[in-house]
Amino acid sequence: MTQDTIKVIVAGPRGRMGSEALQLIERTDHFELAAAIDRKHDGERIKDIEGLTASDAVIYTDAARCFAEVQADVLIDLTVPETGYTHTKLAIEHAVRPVVGTSGFTDEQLEELHALSEEKGIGAIIAPNFAIGAVLMMQFAKQAAKYFPTVEIIEKHHDQKLDAPSGTAVKTAQLIQEVREPAKQGHPEEKETHAGARGADFDGMRIHSVRLPGLVAHQEVLFGAPGEQFTVKHDSFNRASFMSGVQLAVERVMKMNVLAYGLENILD
Ligand SMILES: NC(=O)C1=CN([C@@H]2O[C@H](COP(=O)(O)OP(=O)(O)OC[C@H]3O[C@@H](n4cnc5c(N)ncnc54)[C@H](O)[C@@H]3O)[C@@H](O)[C@H]2O)C=CC1
Ligand SMILES: O=C(O)C1=N[C@H](C(=O)O)C[C@H](O)C1
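In this text the structure is predicted, and so the values were computed from the model without any measurement.

### Some details on the side chain of threonine 88
In step 1: Locating threonine 88 in the fold gives a position in helix α3 (residues 81–93).
In step 2: In this structure, threonine 88 is in contact with Leu75, Pro98, Val100, Phe105 and Leu113, ignoring residues within four places of it in sequence.

### Some details on the sheet that holds strand β11 (residues 228–236)
In step 1: The strand order across the open sheet formed by 5 strands is β8-β9-β7-β10-β11, and the pairing between neighbours is mixed. Of all strands in the sheet, those bounded by a partner on one side alone are β8 (200–202) and β11. When the angles between neighbouring strand axes are averaged without regard to direction, this sheet yields 20 degrees.
In step 2: Across 3 bridges, the pairing between β8 and strand β9 (residues 205–211) is antiparallel. Residue pairing in the sheet places aspartate 201 in a bridge with arginine 206 of β9.
In step 3: Strand contacts of helix α5 (residues 132–145): β10 (217–225) and β11, with the helix running at about 165 degrees to β11, the strand carrying the most contacts.
In step 4: Sitting on the sheet, helix α6 (residues 167–177) is in contact with β7 (151–157), β8, β9 and β10, with an inclination near 30 degrees to β10.

### Topic: the environment of glutamine 109
In step 1: The topology assignment puts glutamine 109 in helix α4 (residues 107–120).
In step 2: Looking at glutamine 109, the relative accessible area reads 9%, which means it is buried.
In step 3: With 27 residues separating them along the chain, glutamine 109 and glutamate 82 place their C-alpha atoms 9.6 Å apart.
In step 4: A polar contact of 3.0 Å, which involves the side chain of glutamine 109, links it to the backbone nitrogen of threonine 106.

### Section: the UniProt feature "binding site: (S)-2,3,4,5-tetrahydrodipicolinate" (unreviewed entry) in the protein chain
In step 1: Under the UniProt annotation, the feature "binding site: (S)-2,3,4,5-tetrahydrodipicolinate" (unreviewed entry) is placed at His158, Gly167 and Thr168.
In step 2: Considering the arrangement of structural elements, one finds histidine 158 in the loop between β7 and α6.
In step 3: For threonine 168, the location among the structural elements is in helix α6.
In step 4: Taking relative accessible area as the criterion, threonine 168 reaches 6% and is therefore assigned buried.
In step 5: Each residue touching threonine 168, except ones within four places of it in the same chain, is listed here: Pro128, Asn129, Met137, Met138 and Gln219.
In step 6: A polar atom in the side chain of threonine 168 sits 3.1 Å from the side chain of asparagine 129.

### Digging into helix α1 (residues 16–27)
What sets the pattern is the α-helix's 3.6 residues per turn: residues three or four places apart point alike.
In step 1: Between the first and last C-alpha of α1 there are 17 Å, a value that for 12 residues agrees with the 16 Å anticipated at 1.5 Å per step.
In step 2: Buried residues of α1: Met17, Gly18, Ser19, Glu20, Ala21, Leu22, Leu24 and Ile25, and no others.

### Some details on the sheet that holds strand β4 (residues 74–77)
Sheet strands pair by backbone hydrogen bonding; their relative direction is either parallel or antiparallel.
In step 1: With parallel pairing, the 7 strands of this open sheet are ordered in space as β3-β2-β1-β4-β5-β6-β12. The open sheet terminates on both sides in strands that have one partner only, identified here as β3 (58–60) and β12 (259–261). Averaged over all pairs of adjacent strands, the angle between strand axes in this sheet comes to 25 degrees, irrespective of strand direction.
In step 2: With 4 bridges joining them, strand β1 (residues 6–11) and β4 adopt parallel strand pairing. Paired with valine 10 across the strands is isoleucine 76, a residue of β4.
In step 3: In this fold α1 packs onto β1, β2 (31–37) and β4, with an angle of close to 150 degrees to the strand it touches most, β2.
In step 4: Here α4 sits on the sheet in contact with β6 (124–126) and β12, set at roughly 150 degrees to β12.

### Details of the UniProt feature "binding site: NADP(+)" (unreviewed entry) in the protein chain
In step 1: Within the UniProt annotation, "binding site: NADP(+)" (unreviewed entry) is assigned to Lys40.
In step 2: Residue placement: lysine 40 occurs in the loop between β2 and β3.
In step 3: Residue classification places lysine 40 among the partly exposed residues on the basis of a relative accessible area of 47%.
In step 4: When residues no more than four places from it in sequence are discounted, the contact partners of lysine 40 are Arg14, Ile59 and Thr61.

About the criteria used
All residue numbers here refer to positions counted from 1 along the written sequence of the relevant chain. Chains and ligands are labelled sequentially in the order written, the chains with letters from A and the ligands with numbers from 1. Where totals are concerned, whole chains, interfaces and linings use all residues; where local detail is concerned, this predicted model gives features only for residues with pLDDT of at least 70, and gives and counts side-chain atom pairs only at 80 or more. Hydrogens and water molecules were not included; the side-chain quantities draw on all heavy atoms of the structure. Per the convention used, a helix needs a DSSP run of H or I reaching at least four residues, while a strand needs a run of E reaching at least two, with both numbered from the N terminus. By definition in these notes, contact holds between two residues if any of their heavy atoms fall within 4.5 Å. Strand pairing is assigned whenever DSSP detects at least two bridges linking the two strands. Note on method: axes are straight lines fitted to C-alpha atoms, helices fitted across the in-contact stretch only, with angles between N-to-C directions ranging 0 to 180 degrees. Exposure classes here rest on a 1.4 Å probe applied to the protein chains alone. A residue is buried below 20% of its type maximum, exposed above 50%, and partly exposed in between. A 3.5 Å cut-off defines polar contacts: any pair of N or O atoms within that distance qualifies, except that in protein one atom must be a possible hydrogen donor and the other a possible acceptor, and neighbouring residues in sequence count only when both atoms are side-chain atoms. UniProt positions are given in the numbering used here, feature names are shortened, and annotations may be inferred rather than shown by experiment. To estimate the expected span of a helix, count its residues, drop one, and scale the result by 1.5 Å.

Below, the structure written as structure tokens:
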């Protein structure tokens, strides 16, 4: 049986993730690039930009105009937090289903987008991490936290990343929060002699963000108890690692009518 073609708009096509998403669309028979949203190159075609794919799709710098003029099923947004939020809202308002990888949305923004998608009956997926292994790492961390409530999260990324902590680290802490009572960790009287030494405080858990050239996306969740340590760890060595999750999200969002936050919500 042949699958219906899914027409996709990509926001951020020249980025590290956006260019990988263009390749995913090019090699997937039932995906078609409908348009792209970029900061530059208004009116040019994707195939005219060096290093991108051979698609004829037109680039828009005005997202509202893109959604008004282009007939599309799905938006893949891989940009920066404020822009990604605006694009997601616009997409839902135009009945285009967003698949969002952009990290750094606030809790208020997530709540607002959830309410909007519910009101319009338009499915959406916001996934802090599209790598299947990272989703498993987060789920195992949640499971472990039931038995090991003393937790430190260490996330490591390339030094071009804008947001800290990473979306994945925040989502991990939120999942752990579902099974762990808030509790301050470390010595009750500990003092930082250098600000930030103990990392970000999330319900008393600590999140540490490392930024170094050469890294892609890595996270360890360390659980400590007297006499033992349990660690859950995931590494993305390249951005192809995220693409099976992006493909799955584009396919699944077509059958959804409300926003899901986290890829775990659509995995079987
Ligand atoms: N959910 C996931 O699995 C993953 C999420 N990410 C997230 O995806 C986002 C993009 O990451 P990268 O590709 O590494 O960043 P990048 O910096 O390589 O790409 C971002 C792109 O957004 C574009 N952009 C910025 N403002 C724009 C605007 N107003 N309109 C249109 N395009 C605009 C930039 O020109 C750039 O090409 C980040 O938020 C990152 O945290 C990254 C990797 C995996
Ligand atoms: O910016 C990145 O690179 C990544 N961002 C996402 C995050 O903030 O968690 C996902 C992955 O870690 C790569």
